[in-house]
Amino acid sequence: MVKVTIIGATGQVGSYAAHAISQIPHVKEVSLFGRDGNQLYLEGLSRDLRDSFAARGTNTRISWSCDEKDLRGSEIIILASGAPRKPDQNRLDLAVDNARIVAGYAEKIGRNASETLLFVVSNPVDVMTGVALRYSNLPPHRVFGLGTHLDSMRLKSCIAEFFNVHVSEVHTRIIGEHGDSMVPLWSATTIGGIQINNLPAFSHIPKDEMMERVKTSGSLIIRNKGSTVYGPGDAIATIIRTIVEDEHRILTVSAFIQKEVHDIGSVCIGVPARITRGGAFPVPIKLSDDELEAFRLSTEQIREITHLVFEQLESEEILSV
Ligand SMILES: NC(=O)c1ccc[n+]([C@@H]2O[C@H](COP(=O)([O-])OP(=O)(O)OC[C@H]3O[C@@H](n4cnc5c(N)ncnc54)[C@H](O)[C@@H]3O)[C@@H](O)[C@H]2O)c1
Ligand SMILES: O=C(O)C[C@H](O)C(=O)O
């Protein structure tokens with residue numbers, strides 16, 4: 001039975017994720033963690049969720065805290081604190097400000113919950129996963145982020161709609177940055193187990209339009225309704241269920257790669273990884289020449305920004321939490 005802590009639980013994504021995760025059978029306790037000053041909100045949120053659990057007949061325990069010592073005993077910690085982007089912003093614009101928040105919490109996690117898995121949601125998620133890895137001092141397989149899992153689900157939904165098939169018949173994957181340089185792996189896309197290139201209708205599929213829709217989904221939702229909530233919340237819950245049930249599913253998360261994708265390494269980026277109770281283990285893959293070139297560009301960009309963020313944090317003495 002597992003205790004899952006959500007840091008940033010007062011936010012849109014954190015609070016919906018708490019609701020979604022409470023439905024996973026082996027989750028015994030969901031702990032809502034927030035910064036000092038948010039106690040009343042956390043008490044209100046925990047009461048509201050408790051009512052929801054009672055109405056649904058779920059036996060999950062709910063607790064809340066602003067004290068870093070209460071991070072102890074968490075098998076999984078979800079880090080969803082930080083500013084969301086505004087409609088006219090790119091996720092990368094959030095890098096330095098959110099890195100201060102993520103680094104501060106990562107240090108607290110390293111001090112109090114050194115046995116945990118740390119799952120990062122804050123944006124830009126690939127850079128924030130790198131920051132969380134560095135400042136928590138946890139081993140690489142125990143720190144990973146939502147990466148391009150949500151983008152992969154968005155593409156899956158577009159393909160299912162185009163072919164008029166159930167979403168569960170579509171397997172596809174987007175790797176690289178959770179952002180503009182993401183890379184769709186059409187070579188790894190199947191419908192009903194059939195490689196998509198072998199379906200005559202594939203030649204008519206509007207691939208560029210689909211990718212444009214995937215890339216702009218987040219900004220469209222933010223512009224129209226303020227924030228993305230249900231997509232990320234349920235994507236988070238899928239990954240947490242995969243960990244808790246030790247399912248060994250291969251999902252596309254932001255993980256630290258060394259040499260699993262050709263010779264590219266030393267960066268946290270969206271790649272297929274086997275997800276278990278022990279963490280995320282990137283699966284060695286070979287890409288086509290075009291995919292490799294695009295993935296290389298994507299990783300170079302993220303590596304460069306991650307290093308700039310490290311330099312900035314190192315030049316500052318005090319982290320913000
Ligand atoms: N990776 C993904 O696919 C994905 C999806 C959705 C949201 N996100 C990211 O998750 C983060 C949260 O999004 P949201 O919509 O819940 O935002 P929100 O504004 O609703 O919530 C922000 C949360 O961060 C906390 N926070 C803000 N500033 C803080 C600070 N200085 N110190 C400590 N805590 C602070 C708030 O208290 C709150 O809990 C954003 O960075 C957003 O971009 C990522
Ligand atoms: O788009 C955003 O900024 C939020 C999130 O990363 C998303 O893709 O839904």
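- For the protein chain, an unreviewed UniProt entry supplies the name malate dehydrogenase and the organism Methanocalculus taiwanensis.
- Here is the UniProt Sequence similarities (unreviewed entry) comment for the protein chain, exactly as written: "Belongs to the LDH/MDH superfamily."
- Taken directly from UniProt, the Function (unreviewed entry) text for the protein chain runs: "Catalyzes the reversible oxidation of malate to oxaloacetate."

### Some thoughts on the overall build of the protein chain
Reasoning step 1: Scanning the protein chain from N- to C-terminus turns up eight helices and 14 strands.
Reasoning step 2: C-alpha extents for the protein chain along the principal axes are approximately 55 × 50 × 40 Å.
Reasoning step 3: Long-range contacts, defined as pairs at least 24 residues apart, comprise 72% of the intrachain contacts of the protein chain with a sequence gap of at least 6.
Reasoning step 4: Taken together, the 33 basic and 39 acidic charged side chains of the protein chain have centroids lying 5 Å from each other.

### Side note on the site of ligand 1
Reasoning step 1: Taken together, 25 residues are adjacent to ligand 1, and Thr10, Gln12, Val13, Gly82 and Ala83 come closest.
Reasoning step 2: Within the contact set of ligand 1, an oxygen atom lies 2.9 Å away from a backbone nitrogen or oxygen of Val13.
Reasoning step 3: One nitrogen or oxygen atom from the main chain of Ala83 is found 2.8 Å from an oxygen atom belonging to ligand 1.
Reasoning step 4: Surface burial for ligand 1 is 85%, taken as the share of its 860 Å² of free accessible area covered by protein chains.
Reasoning step 5: Only helix 1 (12-21) and helix 3 (95-112) provide two or more residues apiece to the shell around ligand 1.
Reasoning step 6: In terms of residue count, helix 3 provides more of the shell around ligand 1 than any other element does, three residues in total.
Reasoning step 7: Taken together, the residues of the shell around ligand 1 break down into 12 nonpolar, 12 polar and one charged.
Reasoning step 8: Counting residues domain by domain, the shell around ligand 1 receives three or more from each of domain 1 (2-145) and domain 2 (149-303).

### Section: the domain arrangement of the protein chain
Reasoning step 1: We note that the domain assignment places domain 1 (2-145) and domain 2 (149-303) within the protein chain.
Reasoning step 2: Measuring from the centre of the C-alpha atoms in domain 1 to the corresponding centre in domain 2 gives 23 Å.
Reasoning step 3: Tallying the contact residues gives 35 residues for domain 1 and 41 residues for domain 2.
Reasoning step 4: Around 3,100 Å² of area is buried between domain 1 and domain 2 when both sides are counted, 70% of it from carbon and sulfur atoms.

### Considering the side chain of Arg91
Reasoning step 1: By the element assignment, Arg91 lies in the loop between strand 4 (76-79) and helix 3.
Reasoning step 2: For Arg91, the side chain forms a polar contact with the side chain of His178, separated by 3.3 Å.
Reasoning step 3: Beyond its immediate chain neighbours, meaning those up to four positions away, Arg91 contacts Arg85, Asn123, Pro124, Arg154, His178, Gly179 and Gly218.

### Examining the environment of Gly176
Reasoning step 1: If you trace the backbone, Gly176 turns up in the loop between strand 8 (174-175) and strand 9 (183-184).
Reasoning step 2: C-alpha of Gly176 to C-alpha of Thr299: the two residues are 123 residues apart in sequence and 6.5 Å apart in space.
Reasoning step 3: Residues within four places of Gly176 in sequence aside, it is in contact with Asp126, Thr148, Ile269, Gly270, Phe295 and Ser298.

### Quick word on the pattern of salt bridges
Reasoning step 1: Taken as a whole and judged by the stated rule, the model has 11 salt bridges.
Reasoning step 2: Two residues, Arg61 and Glu29, come together in a salt bridge whose shortest N-O distance is 3.5 Å. Remark: Glu29 occurs in strand 2 (residues 27-33) and Arg61 occurs in strand 3 (residues 61-65); sequence separation between them is 32 residues.
Reasoning step 3: Given a relative accessible area of 9%, Glu29 falls into the buried group.
Reasoning step 4: Linking Asp97 and Arg100 is a salt bridge whose minimum nitrogen-to-oxygen distance equals 2.8 Å. Of this pair, Asp97 and Arg100 both sit in helix 3, three residues apart, which is roughly one turn of the helix.

About the thresholds
- Residues numbered from 1 in each chain as written.
- Chains lettered and ligands numbered in written order.
- Predicted model: local features only at pLDDT ≥ 70, side-chain atom pairs only at ≥ 80, totals over all residues.
- Heavy atoms only, no water.
- UniProt positions renumbered as here; feature names shortened; annotations may be inferred.
- Helix = DSSP H or I, 4+ residues; strand = E, 2+ residues; numbered from the N terminus.
- Contact = heavy atoms within 4.5 Å.
- Lys, Arg positive; Asp, Glu negative; His and termini not counted.
- Charge placed at Lys NZ, Arg CZ, Asp CG, Glu CD.
- Near = heavy atom within 4 Å.
- Polar contact = N/O pair within 3.5 Å; in protein donor to acceptor, adjacent residues only side chain to side chain.
- Areas by Shrake-Rupley, 256 points an atom, 1.4 Å probe, with all protein chains shown as cover.
- Nonpolar A, V, L, I, M, F, W, Y, C, P; charged D, E, K, R; others polar.
- Domains from an automatic or database assignment.
- Buried area = accessible area lost by both parts, 1.4 Å probe.
- Salt bridge = Lys/Arg side-chain N within 4 Å of Asp/Glu carboxyl O.
- Buried < 20%, exposed > 50% of the residue type's maximum accessible area, 1.4 Å probe, protein only.

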